[in-house]
Amino acid sequence: MYVPGAVLALCLPCFLSGNVFGYEYGEDYSDSYYNEISNGELQRAKQIQCPPQDLSRWDKLFIMLEDYQMKQDMFLQQNEDMVKAEMNSIRRELHKLNNNNNVCVQASENTCKCVSEQMNRSLNQAMDQLREAADMYQAQNNETLQQLIQYSRNQATRLTKLESSSLLGAGLGQVAMKSFSTYPKEQEASNADGGKLEKALMATVADLQRIQAQLALFQRATAHRFLPSGCEMALLFPMRSKHIFAEVTPSMSMSLQSLTICLWAKVTQSLNKTVLFSYGTKKNPQELQLVLARHSVLLTVGGETHLVEAQSVVTDGQWGHFCGAWSSEQGLATLWVNGENVAKVPGVAEGHVLPSNGFIILGQERSRSGIYRDLDSSVAFTGKMTGVNMWDHMLEAGRIKEYANQDGYCDSRGNVIGWGVSEIIPHGGAQYIN
């Protein structure tokens, strides 16, 4: 009955002093411990060897359990963070697409549905793979726990089967060899499972990146083809040339005492003077003009000395809605950009009346000789233009804001020039696009 106690009493000093592994520190701690063991039990205990040390195998098994759980948590967290980041990026892209391309809302919704379905399929596949990996890890954990329970049950049996102290070193060596031989296999299995999960995560990331690239491509294509205000066509001025312009035939006489000119324009590059709209006669080739000057827009009536200007309102490469209004009564002239009144000046050509029998040109101005080959390429417009309208009166502010709405007012036409109704003939390389 006292034999196991005697064995433990002998083995405990062996573990504490390090002699289990064959080390000696040169210090004697035997006097520090008092054991109530009879002489007979001591003699019998000397015949029994301390059991092999299995604590190293237990430690490795517990470490494996902790590694499995830690890897599972890390992979799940990494997948969740990556999915959240990609979803936020997609939401931002969709938000930009919705703000800049309201005309293409239906197409965007269809694209978003396709993207959502693809994402759902990819996420479902990733979640299935994660569940499979989690089930595999759980099964391995359960198997390891069962092994630990079995080891604990066999511990007493192993202790009683130790025959002599001479087998201590050999027993420890065998245990160490078995531990080191089985650990690489277990680690290899763990690495294989982690590799499968990592491949699944990389596939999900690749799918999300491909979807994001498709969205960016769709956004660029939509922005390139986008026409504001619901207009179905536009005039393209592909380069700055004296041969490229469009000639307009008004629906009524240009002998006017008040007027409003509105148009959409996307200028490729605005120089010191870039002509959008020009009306000229033989006497005065620059009778009425709406021009750009770098980041400014100007309206001139009766010559360049009578003008109104708004600065820092033009951006190259972006659509803008430009309106110029004038009345000979008090000479009131106003400029509007994207529905906002940016300039208002009285006394501009007060009492003046536009002469008739002139010529209206888009993207250029009439030369003094009246010959087209004498046009100046430095003032030519390059870019796109649409929604060109002109009225014989000053429009109210509310109507100008309506016409500047990108959601669609292109069907509202002027009574002097009506886009899609009046004759507008492109020359040179100018052409209609849709």
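Everything numeric here is computed off the predicted structure, so don't read it as measured data.

**Student:** A description of the packing of aromatic side chains should follow, citing residues and the corresponding values.
**Tutor:** Scanning the entire structure with this criterion turns up 3 aromatic pairs. Measuring from centroid to centroid gives 5.3 Å for W391 and Y403, while their planes differ by 5°, and the two rings are stacked. Pair noted here: W391 is in strand β12 (residues 383–391) and Y403 is in helix α6 (residues 397–403), with a separation of 12 residues, a long-range link. For W391, a relative accessible area of 4% puts it in the buried group. The class of Y403 is buried, set by a relative accessible area of 9%. Aromatic side chains W419 and Y432 sit 6.3 Å apart centroid to centroid with 50° between the ring planes, which places their arrangement in the tilted category. On the criterion of sequence distance, the pair formed by W419 in the loop between α6 and β13 (423–427) and Y432 in strand β14 (residues 431–433) is long-range, its members being 13 residues apart.

**Student:** Can you tell me about the sheet that holds strand β10 (residues 340–345), naming the residues and giving the values?
**Tutor:** Strand order in the open sheet formed by 7 strands is β10-β9-β8-β3-β12-β1-β14, and the pairing between neighbours is antiparallel. Each edge of the open sheet is held by one strand with a lone partner, namely β10 and β14. Across the sheet, the axes of successive neighbouring strands diverge by a mean angle of 25°, strand direction being ignored. Sheet analysis places strand β1 (residues 234–237) next to β12, joined by 3 bridges and oriented antiparallel. Each residue of the ladder has a partner; that of L235, found in β12, is M385.

**Student:** Explain the side chain of H321 to me, and be specific about the residues and the numbers.
**Tutor:** Residue placement: H321 occurs in strand β8 (residues 320–327). Judged by its relative accessible area of 3%, H321 falls in the buried class. The contact partners of H321, leaving out residues within four places of it in the chain, are C262, L263, W264, W336, V337, N338, I400, Y403 and A404.

**Student:** Give a description of unusual backbone geometry that names residues and reports values.
**Tutor:** Both trends apply: most residues other than glycine have a negative phi, and most peptide bonds are in trans. Within the chain, R294 stands out as a residue other than glycine whose phi angle is a positive 60°. Locating R294 in the fold gives a position in the loop between β5 (288–293) and β6 (296–301). Phi at Q330 is positive, roughly 65°, even though this residue is not glycine. With respect to the helices and strands, Q330 occurs in the loop between β8 and β9 (332–337).

**Student:** Please set out the state of the cysteines residue by residue, giving values where relevant.
**Tutor:** Tallied over the entire structure, the rule returns 2 disulfides. Between the sulfur atoms of C231 and its disulfide mate C410 the distance is 2.0 Å. The sign of the S-S torsion, about 100°, decides the handedness of the disulfide formed by C231 and C410: right-handed. With C231 in the loop between α5 (168–225) and β1 and C410 in the loop between α6 and β13, this residue pair connects regions lying 179 residues apart in the sequence. Exposure class is identical for C231 and C410. Each is buried. What pairs with C262 in a disulfide is C323, and their sulfur atoms sit 1.9 Å apart.

**Student:** Go over the pattern of salt bridges with me, naming the residues and quoting the values.
**Tutor:** Going through the model one piece at a time under the given rule, you end up with 3 salt bridges. Among the ionic pairs, D128 bridges to R131, the shortest N-O distance being 2.9 Å. Remark: R131 and D128 occur in helix α4 (residues 105–160); sequence separation between them is 3 residues, near one turn of the helix. Taking relative accessible area as the criterion, D128 reaches 41% and is therefore assigned partly exposed. Here R131 falls in the partly exposed class, since its relative accessible area comes to 47%. Note that E365 and K273 form a salt bridge whose closest N and O atoms lie 2.9 Å from each other. Highlighted residues: E365 in the loop between β11 (359–362) and β12 and K273 in the loop between β3 (258–267) and β4 (274–280), separated in sequence by 92 residues. The residues E365 and K273 share a single accessibility class, namely buried.

**Student:** A description of the pairing of β8 should follow, citing residues and the corresponding values.
**Tutor:** The buried count for β8 comes to 8 of 8 residues, which makes it a mostly enclosed element. On β8, burial covers both faces: G320, F322, G324 and W326 on one face and H321, C323, A325 and S327 on the other are all buried. Bridge count for β8 against β9 is 6 bridges, and the pairing is antiparallel. The residue of β9 that forms the bridge with A325 is T334. A loop of 4 residues connects β8 with β9, the two strands running antiparallel in sequence, and Q330 in this loop sits at a positive phi of about 65°.

Calculation rules
Residues numbered from 1 in each chain as written. Predicted model: local features only at pLDDT ≥ 70, side-chain atom pairs only at ≥ 80, totals over all residues. Heavy atoms only, no water. Phe/Tyr/Trp six-rings, centres within 6.5 Å; stacked < 30°, edge-to-face > 60°. Helix = DSSP H or I, 4+ residues; strand = E, 2+ residues; numbered from the N terminus. Buried < 20%, exposed > 50% of the residue type's maximum accessible area, 1.4 Å probe, protein only. Pairing = 2+ DSSP bridges. Axes fitted to C-alpha atoms, helices over the stretch in contact; angles between N-to-C directions. Contact = heavy atoms within 4.5 Å. Disulfide = S-S within 2.5 Å. Salt bridge = Lys/Arg side-chain N within 4 Å of Asp/Glu carboxyl O.

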